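# Structure assessment
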Amino acid sequence: MKKQARRTMANIGVVLATVGVLALGLFFTYKVIASSYHTSDSSTSSSTSMTALGSSSSSSSSSSDSSSSSGSSSSSSSKGSSTATDAATKKAQDIVSGMTLEQKVAQLFMVRPEAVTQVTTQTKAGDYTKECLEKYPVGGIVYFSKNLVSPSQTTSMLSDTQTYYQDIMGFPIFLGVDEEGGTVARIANNSNFGVTNVGDMADIGATGDTSKAKDAAVTVGTYLSKLGFNLDFAPDSDIASTSESVMIRRSFGADAATVAPMVRAQVDGYLSTGILCCSKHFPGIGGVTGDSEDELIYTSSTLDDMKKSELLPFESAIDAGVPMIMVGHISCSAITGDDIPASLNPKIVTDVLRNDLGYDGVITTDSLEMGAVANLYSSSEIGVKALLAGDDMILMPKDFEACYQGVLDAVKDGTLTEDRIDESVVRIVRAKLALES
């Protein structure tokens, strides 16, 4: 009996030992599975976090992705940029969809402050300015020397104008000025502002040093931004290929190899200060004689000629992300087959700039007060011509109210569609929203 009891106890011990081993095995199996699950979850969280930060995490999500071509990184970056642009466009579209036709048409105009307020010379912005902006919430205002008296006066005027406009529209107004440097400098050429003129672009171009071009843009952009401006009508992107050109001091030089990299450097410089800039005067007015301030000017260059020269600085500006391009009042009959100035010609604005060069930023006319175009059409017609050509913004028409009404009437009679108006206003609002980012 004792032997049998001992044998039974031994068997029970074996059973217990076996159960223990099995339990221990199950425990370790559980730990391995739990650990594996936790590691997988942590990896997923990290990937999600990187994606939220704009990182291209998909390229490292699997071994097959990791072994993809080196081009995948730039492709992911391009997709990220495209996504950001799409989001900005969608936001602009949402804003535009809530605007009245009258508000949308007003967005198409950049004018002198006096065109809105009807005062003789505007140097401040008060309740009356706000009333006028409520009636005509124009896309932008361009200030000249007579409007700019001192730093404190200018800062107050611009700040008040911006505040009123934000209250009315919920997004910024373009507050612009011509401040290239050298002979064209509304601020630097006024001793009351105490800033140093960066000099003529011709002198900077002659150095061959693009860093000097960028430094000049940073200098100008910085003091303009401090005053309250958010748009500078620079850089000049013309090639002054003839000694008789009126652009000889304003241009960086006489050939594309000099001008194009300087223009790119200036666009980089301006944008780094948070101010928008405008490449001008497309497709290039530096190789002709005459002045569009007084009369229509002409070029005999073909499109092939321009692609090898005049267009190259604008392509550099576009590559650098220039937010706005101004089209000049120059007849390009070898390209268009007519004398209609480039600024009002769809064969230049739409066919060349928008389609051939693929530019999707804001396109503005040069000033419609200028002698080259002011007498070609009435104020009620010229804005419609600009929009039919493909321009987004109508700069300083001779009679703003007549021009504004002319565009409204053209939408109502079917000459222009509201979709065409929306297309331009979305680009304008999208550029303005970039000022807030």
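Structural notes, computed from the coordinates.

Rules of the game
- Residues numbered from 1 in each chain as written.
- Predicted model: local features only at pLDDT ≥ 70, side-chain atom pairs only at ≥ 80, totals over all residues.
- Heavy atoms only, no water.
- Axes fitted to C-alpha atoms, helices over the stretch in contact; angles between N-to-C directions.
- Helix = DSSP H or I, 4+ residues; strand = E, 2+ residues; numbered from the N terminus.
- Parallel < 35°, antiparallel > 145°, perpendicular 65-115°, else oblique.
- Left-handed = near helix turned anticlockwise from the far one by under 90°.
- Contact = heavy atoms within 4.5 Å.
- Nonpolar A, V, L, I, M, F, W, Y, C, P; charged D, E, K, R; others polar.
- Pairing = 2+ DSSP bridges.
- Buried < 20%, exposed > 50% of the residue type's maximum accessible area, 1.4 Å probe, protein only.

## Observations regarding the packing of helix α15 (residues 379-389) against helix α16 (residues 400-412)
Where α15 contacts α16, the two axes come as close as 7 Å, and the packing angle between them is 60°. Considering their axes alone, α15 and α16 lie oblique with respect to each other. The interaxial crossing formed by α15 with α16 has right-handed handedness. Residue-level contacts link Ser379, Ser380, Ile382, Gly383, Val384 and Leu387 of α15 to Ala402, Cys403, Gly406, Val407 and Ala410 of α16. Looking at the contact of α15 with α16 residue by residue, the class counts come to 7 nonpolar, 4 polar and no charged.

## So, the sheet that holds strand β6 (residues 231-232)
With parallel pairing, the 8 strands of this open sheet are ordered in space as β11-β9-β7-β6-β3-β2-β1-β12. The open sheet is flanked by β11 (362-365) and β12 (394-395), the only strands paired with a single partner. When strand β1 (residues 109-111) meets strand β2 (residues 140-143), the two strands line up parallel, connected through 2 bridges. Across the sheet, Val111 pairs through a bridge with Ile141, a residue of β2. Across the sheet, α16 touches β1 and β12, and the angle it forms with β1 is around 180°.

## A few points about the environment of Val362
Structurally, the position occupied by Val362 is in strand β11. The class of Val362 is buried, set by a relative accessible area of 1%. Sequence separation between Val362 and Ala431 is 69 residues; the distance between their C-alpha atoms is 7.6 Å. Beyond its immediate stretch of four places on either side in the chain, Val362 contacts Pro323, Met324, Ile325, Asp392, Met393, Arg427, Ile428 and Ala431.

## Topic: the pairing of β11
Side-chain alternation along β11 places Val362 and Thr364 on one buried face and Ile363 and Thr365 on a second face that is also buried. Both strand β9 (residues 324-327) and β11 contribute to a ladder of 4 bridges, which runs parallel. When the sheet's bridge partners are listed, Ile325 is paired in β11 with Ile363.

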